[in-house]
Structure formats: structure tokens, C-alpha cells
Amino acid sequence: MCGVIGVYGHPEAANLAYLGLYALQHRGQESAGIVATDGERLRSAKEMGHVNDIFTADRLRELRGYAAIGHVRYSTAGDSSKRNAQPIAVDYFGGSVAVGHNGNLVNAAELRERLEAEGAIFQTTADTEAIVHLIARSREQTLPARVADALRQVRGAYSLVFLSQDQLVAVRDPMGFRPLALGKSKDTWVVSSETCAFELLEAEFVRDVEPGEMVIVDGNGVRSERPFAAQPPHRCVFEWVYFARPDSTIDGNSVYRARERMGRRLAVEHPVQADVVIPVPDSGVAAAIGYARESGIPYDQGLMRSHYMGRTFIEPSQHIRHFGVKLKLSPVREVLTGKRVVVVDDSIVRGTTSRKIVGMIRGAGAREVHMRISSPPTVGPCRYGIDTPTREELIAFKKTPEEIRHFLEADSLGYLSLEGLYTSVNGSEGANKGFCDACFSNAYPINIQQPARLRQLRLITG
Ligand code: AMP
């Protein structure tokens, strides 16, 4: 769960990257960073915290140059600390290179073990650093060739932006797990995890970077290469459900419209007699609108969200998350008292937030609370870049929907079917057309290999 941005060909490239990071802030709130080049050298600023807190006018002024990359991080591999903040920028005998990564490398431990055995000294615990070592070791001559050489040794999910003194390189892994889009504003090229950043930068959406594609931008313009063997795409369906901002398009389709369709479909699959449909803001808004439109039940705002807090799930410790729910959401009694309420959210992970929300709505005087979820039960942790807890912590792994309903203390609970989800995302038929849905199906397209050291330890102790 991270966001990346790259800008090439603008005298204030770092400022544009900074604005772009604002638009991508929802993808990660732990740390943020920008690296810029003026053609001579890379300059970097990164820190723990939100974009707003990190980049002062002075800091941005120091990031001189016509090209820049930026990153917002929410750790899925490696701990949450400043040393793991990205972009990672290094000097090596081939020059300087910086990288920002959204995704998760499934063979990171194995790669790290091999590189460390060969003498590499790692500065971070983030999986991304292995890529930098592989680039430095490559015998290829150009940055794109070195990057391709490095990535052929890597397995997993990556949407990456690289910056050298004079080149911007953007790559999406062959399965295309995480999104990446290309935009343009006059002579400036922009790559971004999500198209919502283009709105802010007044850049025009050109197209999505395709799975397995490498886009290279330098003084000669922009070109595209396909350095990897083609593989069937596995784009993350959860980006559609929750992660991407609704004002983005992914692979050419509107996220908002897809979520609205999920809500409509949910109303067909799980109808109920009720007085009002409310969303869990902000994640349930578009689906709740769809549910209300399809069912004819009026839509209203029964919960208010404080925008001065991050997402509650984001804080790594359980203790803070519980506290956060109360700080974040507050019931609107006027909307809820005496009503039969349908409350729509995008997903249930541990169930703890949802349980509090049901309690909050009931506490505000609702007569009935019907929970509707615009995705199927989350039964598997993501291994490709979305932060989800372990399988045992996922409530739907352990409990049936009826048991979950009981735990939530809701009057009814309905999840969207997988077929319904695909019908909504595709706009027509309910088939999986090149998506990864491991979190809903437990079908993992790439398996994680145990690093040799762990296997050996098990042998000795077991
Ligand atoms: P819970 O009731 O504790 O399972 O939390 C459910 C809430 O977490 C829903 O509002 C979801 O929108 C939200 N959510 C789902 N997946 C994630 C994630 N990977 N990171 C942060 N929040 C999430």
C-alpha cells in the first residue's frame, strides 16, 4: 500500500511531485519522500509523516531540477521507520539511482539472503532495497537495461518509478497487480499510481502503463519496452473495492462508477425493508449511493467522519486503532433515531471497526441495523502490497457470515458475491477477466517461497 509519482520535463518537477503526493496520500500515510535531479546529481528529502507535514518551502527549494519521483508509504514489508522511507536513493559506480515502489516482492527474503551472502550490506529492512542492489550488480550498461536485468530476478507485485541523473523509468510488473498510469501536460510527462493525481497537476491522462511494460522518459522523449516474458494479468480487484480513490480510473474505467454498481448489485443480492441507507464514510459512499438508487430507499449521512485523522486501520498497533474509531466517526442522531438503517461499507477485515459502527448506530437510537458489504468475505491476506492482517485475524476466515452477523450484533448482514463484484467492475458479465482476487478466493497467483535459512532452522528444531 503505497503511492508513486514521477515527473519529467518541468523546471519545478519536485513541486509537481509534491502536489501529486497530496493526491496519493490515501495510499500511504507513514512516510513520504521526493528525489529530484537537475541533470548533475540527485537530491532527496524524506521523512515520517504526512506530505503536508514533511515538505516545507525550504525543503522543496532544495529539490532543484527538471525531473523528480515521489513516494508515500504504508509499510507492507519492512518496519515503519525513517530508514525505510522511500524513494531509496543510492550512488554506485554506474551513477546515482532512486526508486519508489508500490507492491510487495514475494521472493525478497530469498534475494536478500543471497545478496547478503555475497557481501551486500543492506541499509533498510524494506523489500525494495534488494532491487537497488541488483541494479548495482548488473553488468548491463544503461539504466533501463539494468532495471530490466534486476527485475527479471524479482517475483511479486511492483509498480516502480526510478530516477537517475537524466532518466525517469516507470515499470509495472508482468501481472500488473498494482496500477500505474501515464499522463502529460504540455512537455511534462507524469507517471502516477492513480489518475486522480493528474487532475491536480492539470495533466491529461494518456494511458495506463500496461502489465509488464517499462516506460522510459529522457531527453529523447518517451519510449516503451517490454523486457519480460508475457504472463496472464492479475490486476488487484481490491483497488476497485477500497484502495483506489473513486475519482481515479483504472485500466480506463471509473472506480466511482464501478463502486456505485457494486452497491446496486448488493441491493439486488441482499434486499431489505428499511427507512434509510447510510455509508460508512468515506469507503462506503459510492456503494451506498448505488444501494439507495437501486432499492429506492432514501440515502442519508448517518455517520460523520472527522477528516483530521488518518484511516484508523493505518496505525500499526491494535490499541490505537480502537481509540481511533471513536475519534473518527460520529453518529448523526437526527438521521438514525427510530429508523431501520442499512449501513454500507466496502469490506470487513477484523470486524472490530464494523462492530463498533453497528453499536454506534444502535446507540443513536436506530431500530434495526442492516450491514451490507460491497465485496465478498475477506478470507486471505494480501501478499502483493495491500496491508491485511494474518489469516487468523481475518474474521471471515474463522466465521461464517451468520457468525459474523452475530459478532457485529447486526440485524442482518449481506456480502456482495464474487460474481456480483466482477459484474460491477467489468460493467457487464461476472467473470474474472485478469484480476487477482486472492483476498476473496484464497487463489494466490504467485506463491511465497520460504527463504532457505528459515527452512533449515525448521529442520533443526522440528
Ligand atoms: P474492521 O471492521 O475492523 O474489519 O474494519 C473494516 C474497515 O476497514 C472498513 O471500513 C474498510 O474500508 C477498512 N479497510 C479494509 N481494508 C483495509 C486496509 N487494507 N487498510 C485499511 N483499512 C481497510
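Look up: the structure comes first, before these words.
Nothing here was measured: the structure is a model prediction, and the numbers come from that model.

Rules used in this analysis
- Residues numbered from 1 in each chain as written.
- Predicted model: local features only at pLDDT ≥ 70, side-chain atom pairs only at ≥ 80, totals over all residues.
- Heavy atoms only, no water.
- Pairing = 2+ DSSP bridges.
- Helix = DSSP H or I, 4+ residues; strand = E, 2+ residues; numbered from the N terminus.
- Axes fitted to C-alpha atoms, helices over the stretch in contact; angles between N-to-C directions.
- Buried < 20%, exposed > 50% of the residue type's maximum accessible area, 1.4 Å probe, protein only.
- Core = buried A, V, L, I, M, F, W, Y, C linked by side-chain atoms within 4.5 Å.
- Contact = heavy atoms within 4.5 Å.

Draft legend 1. Main features of the sheet that holds strand β12 (residues 214-218). Taken in spatial order, the 6 strands line up as β5-β6-β7-β8-β12-β13 in an open sheet, and their pairing is antiparallel. The outermost strands of the open sheet, each flanked by one partner alone, are β5 (88-92) and β13 (221-225). Sheet twist, expressed as the mean angle between neighbouring strand axes with direction ignored, is 20°. The pairing of strand β7 (residues 156-163) with strand β8 (residues 168-172) spans 5 bridges and is classified as antiparallel. Across the sheet, Ser 159 pairs through a bridge with Arg 172, a residue of β8.

Draft legend 2. Spatial organisation of helix α4 (residues 108-117). Taken as a whole, α4 has its buried residues at Ala 108, Leu 111, Arg 112, Glu 113 and Leu 115. Gly 119 occupies a position one or two residues after α4 and carries a positive phi of about 110°.

Draft legend 3. Here's a closer look at the nonpolar core. Counting 33 residues, the largest nonpolar core has Phe 238, Trp 240, Val 277, Tyr 291, Val 344 and Leu 421 as its most contacted members. Sorting the residues of this core by element identifies α8 (238-243), α9 (255-269), α10 (285-295), β20 (340-345), α16 (418-426) and α17 (438-441) as the ones contributing at least two each. Excluding residues within four positions of it along the chain, Tyr 291 makes contact with Gly 263, Arg 264, Leu 266, Ala 267, His 270, Pro 271, Val 272, Val 277, Ile 297, Val 342, Val 344 and Arg 372. With 29 residues, the next largest nonpolar core counts Val 99, Ala 108, Ala 148 and Leu 151 among its residues.

Draft legend 4. Up close: the sheet that holds β20. Strand order in the open sheet formed by 4 strands is β17-β20-β21-β22, and the pairing between neighbours is parallel. Looking at which strands have only one partner, the edges of the open sheet turn out to be β17 (276-279) and β22 (412-415). With strand direction ignored, the average angle separating the axes of adjacent strands in the sheet is 20°. As paired elements, β20 and strand β21 (residues 368-373) share 6 bridges and run parallel to each other. Bridge assignment links Val 341 to a residue of β21, and that residue is Val 369. Contacts from α10 reach β17, β20 and β21 within the one sheet, and its direction differs from that of β17 by about 165°. Against the sheet, helix α13 (residues 352-363) makes contact with β17, β20 and β21, and its axis sits at roughly 150° relative to β21, the strand it touches most.

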